[in-house]
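Below, each chain spelled out in residue letters.
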Amino acid sequence: MSQPLTYRFNVYAKINLGLLVSRPRSNGYHPIQSIFQSVSLADTFHIACYPNSLEISLSCNNKSIPTNHQNLIIKVCEHYKSMIPFGLTIQLQKRIPVGGGLGGGSTNAAGILQFLNQSCGWGWSTQKLQQESLHFGTDIPFLIEGGTSLVTGIGDAIKPLKPIKPSYYLLINPQKKADTPKIYQKFDQLSQDTLSQQDNSWISTQTPGPNALKEAAFSIIPELGEIEN
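Calculation criteria
Residues numbered from 1 in each chain as written. Predicted model: local features only at pLDDT ≥ 70, side-chain atom pairs only at ≥ 80, totals over all residues. Heavy atoms only, no water. Helix = DSSP H or I, 4+ residues; strand = E, 2+ residues; numbered from the N terminus. Buried < 20%, exposed > 50% of the residue type's maximum accessible area, 1.4 Å probe, protein only. Contact = heavy atoms within 4.5 Å. Areas by Shrake-Rupley, 256 points an atom, 1.4 Å probe, with all protein chains shown as cover. Patch = residues over 30% accessible without salt bridge, like charges linked within 9 Å, V, L, I, M, F, W, Y side chains within 5 Å. Salt bridge = Lys/Arg side-chain N within 4 Å of Asp/Glu carboxyl O. Pairing = 2+ DSSP bridges. Phe/Tyr/Trp six-rings, centres within 6.5 Å; stacked < 30°, edge-to-face > 60°. Arc of directions from axis to C-beta.

**Student:** Can you break down the overall build of the protein chain residue by residue, with the values?
**Tutor:** A tally of helices and strands in the protein chain yields nine helices and six strands. Expressed along its principal axes, the backbone C-alpha trace of the protein chain runs to roughly 60 × 40 × 35 Å. Put simply, the protein chain has 229 residues, and 42% of those count as buried. Within the protein chain, contacts between residues at least 6 apart in sequence are counted, and of these 73% link residues at least 24 apart. On the protein chain, roughly 12600 Å² of surface is accessible, and the fraction owed to carbon and sulfur atoms is 49%.

Structure below.
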């Protein structure tokens, strides 16, 4: 077998500087208004490309991460398999906590999409990549570019903002996985519509604002409230 071409690159987590949420649309998606901010916490890809193979495999240092079709990396590769002219051995070094709202799975999907676009010579524009990424999740379009952006709609309307001044954030991982669908279900039960009820002046100043899902998340995982206190 020919020597593989090898690649190594990082993909970065994001935080929400504030989050307003509206009641779900008929399609089940909740419109949001948020500032997404990339942070330095990152996962690392180690990829080997084999020219005489079409097999794709994934391994991960975190044994709780599925490495089959449940993983967004594999979902992306399977979706575009007919457009990938070589085999891939993907090793993922996971540092972004799972279920922490930091976009860990989404940034992995964004990373593999960008890698395939470059290595397979697809020549897609950033806009095309963002459009394609919506097949796999609503956070992914922002993570294609990262930085600082006002994100609205269902996460698909992205307006880049002036980068915030260098800042430090303390990320606390309580080892409790937040199930996003359950949190949104709880939000709906609490009958809130924070897009229309909350002050959004924090958006223009790009300072931390309210988190509309906090009450729902704290009711499901009370330890989060204890940590905040």
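So, next bit.
**Student:** Give a detailed account of a nonpolar patch on the surface, specifying residues and quantitative values.
**Tutor:** Taken together, the side chains of L170, I172 and I227 present a nonpolar region at the surface, about 330 Å² in accessible area. For I227, the location among the structural elements is in helix 9 (residues 222-228). The class for I227 is partly exposed, based on a relative accessible area of 39%.

**Student:** Summarise the pattern of salt bridges; cite the residues concerned and give the values.
**Tutor:** Counted according to the given criterion, the structure contains six salt bridges. Linking D43 and K94 is a salt bridge whose minimum nitrogen-to-oxygen distance equals 2.6 Å. Placement of the pair is D43 in strand 2 (residues 32-50) and K94 in the loop between strand 4 (87-93) and helix 2 (104-119), with a sequence separation of 51 residues. Residue D43 shares its accessibility class with K94, and that shared class is buried. Among the ionic pairs, K128 bridges to E132, the shortest N-O distance being 2.9 Å. Here E132 and K128 lie together in helix 3 (residues 126-133), a separation of four residues that amounts to about one turn. You can call E132 buried: its relative accessible area is 13%.

**Student:** Tell me about the pairing of strand 5 (residues 148-153), residues and numbers included.
**Tutor:** Here strand 5 lies mainly inside the structure; five of its six residues are buried. Sheet analysis places strand 2 next to strand 5, joined by six bridges and oriented antiparallel. Paired with I32 across the two strands is G153, which belongs to strand 5. Bridge count between strand 5 and strand 6 (residues 157-160): four bridges; the pairing is antiparallel. In the strand pairing of strand 6, V151 is matched with I158.

**Student:** I'd like a rundown of the pairing of strand 2, residues and numbers included.
**Tutor:** The two faces of a sheet get side chains in turn, since along a regular strand they alternate between them. Buried residues dominate strand 2, accounting for 14 of its 19 residues. For strand 1 (residues 5-21) and strand 2, the ladder comprises 15 bridges, and the chain directions are antiparallel. Within strand 2, the position partnered with L5 by the bridge is C49. In this sheet, strand 4 lies alongside strand 2 in antiparallel orientation, the contact comprising seven bridges. Following the sheet pairing, A48 is matched in strand 4 by T89.

**Student:** Mind laying out the side chain of K14, listing which residues take part and the relevant values?
**Tutor:** With respect to the helices and strands, K14 occurs in strand 1. Given the relative accessible area of 3%, K14 is considered buried. Sequence-distant contacts of K14, that is, excluding residues within four places in its chain, are made with F36, Q37, S38, V39, G101, L102, G103, D139, F142 and L143.

**Student:** Describe the packing of aromatic side chains, with residues and values.
**Tutor:** Enumeration according to the criterion identifies eight aromatic pairs in this entry. Considering the side-chain rings of F36 and F142, the 5.3 Å spacing of their centres and the 85 degrees angle between planes classify their relative orientation as edge-to-face. With F36 in strand 2 and F142 in helix 4 (residues 140-145), this pair connects stretches of sequence that are 106 residues apart. The two residues F36 and F142 agree in class, both being buried. With centroids separated by 4.6 Å and ring planes inclined at 40 degrees, the aromatic side chains of W122 and W124 adopt a geometry described as tilted.

**Student:** Any chance you could break down helix 5 (residues 180-189) for me, citing the residues and the numbers?
**Tutor:** Within the span of helix 5, buried status applies to I183, Y184 and F187. Looking straight down helix 5, one finds that the buried residues subtend no more than 95 degrees of arc, so they occupy a single side. Positive phi shows up at S191, right after helix 5, with a value of about 55 degrees.

Everything listed is a geometric property; what it means functionally is a separate question.
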